[in-house]
Amino acid sequence: MLKDRGRMKWTAMMLPEHVTMLREWAHEDSYESERLLDEQQLEEMNMTMGEAMETGKTVTITYYEQRRYQLLIGTIHYYNETQQKLHVIDCFEQPHYIALNRMVDIRFTD
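These numbers come from a predicted model, not from an experiment. (Residues numbered from 1 in each chain as written. Predicted model: local features only at pLDDT ≥ 70, side-chain atom pairs only at ≥ 80, totals over all residues. Heavy atoms only, no water.)

Some words on the nonpolar core
Link 1 in the chain: Counting residues in each nonpolar core, the largest one holds 13 residues, and the members touching the most others are Ile61, Ile76, Val88, Ile98, Met103 and Ile106.
Link 2 in the chain: Elements supplying a minimum of two residues to this core: helix H3 (39–55), strand E1 (58–65), strand E2 (68–80), strand E3 (85–90) and strand E5 (103–108).
Link 3 in the chain: Ignoring sequence-local partners within four residues, the contact set of Ile106 consists of Met45, Thr48, Met49, Val59, Thr60, Ile61 and Ile76. (Core = buried A, V, L, I, M, F, W, Y, C linked by side-chain atoms within 4.5 Å. Buried < 20%, exposed > 50% of the residue type's maximum accessible area, 1.4 Å probe, protein only. Helix = DSSP H or I, 4+ residues; strand = E, 2+ residues; numbered from the N terminus. Contact = heavy atoms within 4.5 Å.)

So this is what it looks like as structure tokens:
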């Protein structure tokens, strides 16, 4: 039976700079790329946003922030036209401001 030290034998050969670079690379590898939406998807999102603002229904919004996709569940309070942002109040009564160009999907929550 061969008894090997595994990773221990390789760590002595690596410089601390290499270890930090490998950790940064592993962290950057988990980043998600931003998707582009076509006109039909944008129109569907626009219809859903309009209906949600009129009726006050709860929506689930998927948006891209800090190289990851985030989910937000809440109601749309209003749309700020000058800044192109939605003012959303989540289920904990916390306000969120989401830029329209960062939104990927919006759906009604059942």
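Here's the deal with the pairing of strand E4 (residues 95–99)
Link 1 in the chain: As judged from the five bridges shared by E3 and E4, these two strands associate in the antiparallel manner. Looking at E4, one finds that Lys85 is bridged to Ala99.
Link 2 in the chain: Counting the residues that bridge the hairpin from E3 to E4 gives four residues, and of these Glu93 lies at a positive phi of roughly 65 degrees. (Pairing = 2+ DSSP bridges.)

Describing the pattern of salt bridges
Link 1 in the chain: Throughout the structure, instances matching the rule amount to three salt bridges.
Link 2 in the chain: Of the charged contacts in the structure, one is a salt bridge between Glu34 and Arg102, with a shortest N-O distance of 3.1 Å. In this pair, Glu34 sits in the loop between helix H2 (16–29) and H3 while Arg102 sits in the loop between E4 and E5, placing the two residues 68 residues apart along the sequence.
Link 3 in the chain: For Glu34, a relative accessible area of 35% gives the class partly exposed.
Link 4 in the chain: Taking the shortest distance from any N to any O, the salt bridge between Asp105 and Arg107 comes out at 2.6 Å.
Link 5 in the chain: On the basis of relative accessibility, which here comes to 55%, the residue Arg107 falls in the exposed class. (Salt bridge = Lys/Arg side-chain N within 4 Å of Asp/Glu carboxyl O.)

Let's talk about the sheet that holds E5
Link 1 in the chain: Spatial strand order, E4-E3-E2-E1-E5: five strands in an open sheet with antiparallel pairing. With one partner strand each, in any of the chains shown, E4 and E5 form the two edges of the open sheet. The sheet shows a mean angle of 45 degrees between the axes of neighbouring strands, direction not considered.
Link 2 in the chain: Where E1 and E5 come together, five bridges link them in antiparallel fashion. Within the sheet, the bridge partner assigned to Val59 lies in E5 and is Phe108.
Link 3 in the chain: The strands that H3 touches are E1, E2, E3 and E5; relative to E5, the one it contacts most, it runs at about 50 degrees. (Axes fitted to C-alpha atoms, helices over the stretch in contact; angles between N-to-C directions.)

Quick word on a negative patch on the surface
Link 1 in the chain: Judged by side-chain charge, Asp38, Glu39, Glu43 and Glu44 come together as a negatively charged surface patch.
Link 2 in the chain: Relative to the assigned elements, Asp38 resides in the loop between H2 and H3. (Patch = residues over 30% accessible without salt bridge, like charges linked within 9 Å, V, L, I, M, F, W, Y side chains within 5 Å. Areas by Shrake-Rupley, 256 points an atom, 1.4 Å probe, with all protein chains shown as cover. Lys, Arg positive; Asp, Glu negative; His and termini not counted. Charge placed at Lys NZ, Arg CZ, Asp CG, Glu CD.)

Comments concerning the packing of aromatic side chains
Link 1 in the chain: Considering all chains together, one arrives at one aromatic pair under this definition.
Link 2 in the chain: One cation-aromatic arrangement involves Arg35 over Tyr69; the distance from NZ or CZ to the ring centre is 4.9 Å.
Link 3 in the chain: In this structure, Lys57 is placed above the aromatic ring of Phe108, and the distance from its NZ or CZ to the ring centre is 4.9 Å. (Phe/Tyr/Trp six-rings, centres within 6.5 Å; stacked < 30°, edge-to-face > 60°. Lys NZ or Arg CZ within 6 Å of the ring centre and 35° of its normal.)

Structural notes on the layout of surface pockets
Link 1 in the chain: Of the voids in this model, the largest pocket is the one considered here, and its volume is about 150 Å³.
Link 2 in the chain: Of all the secondary-structure elements, those providing two or more residues to the lining of the largest pocket are H3 and E5. (1 Å grid on protein atoms, 1.4 Å probe; cavity = no way out; pocket = protein on both sides within 12 Å on 5 of 7 lines; lining within 4 Å. Points joined across faces, edges and corners; volume = space filled by probe spheres on them.)

Note that every value here comes from positions in space, so none of it alone points to a role or purpose.
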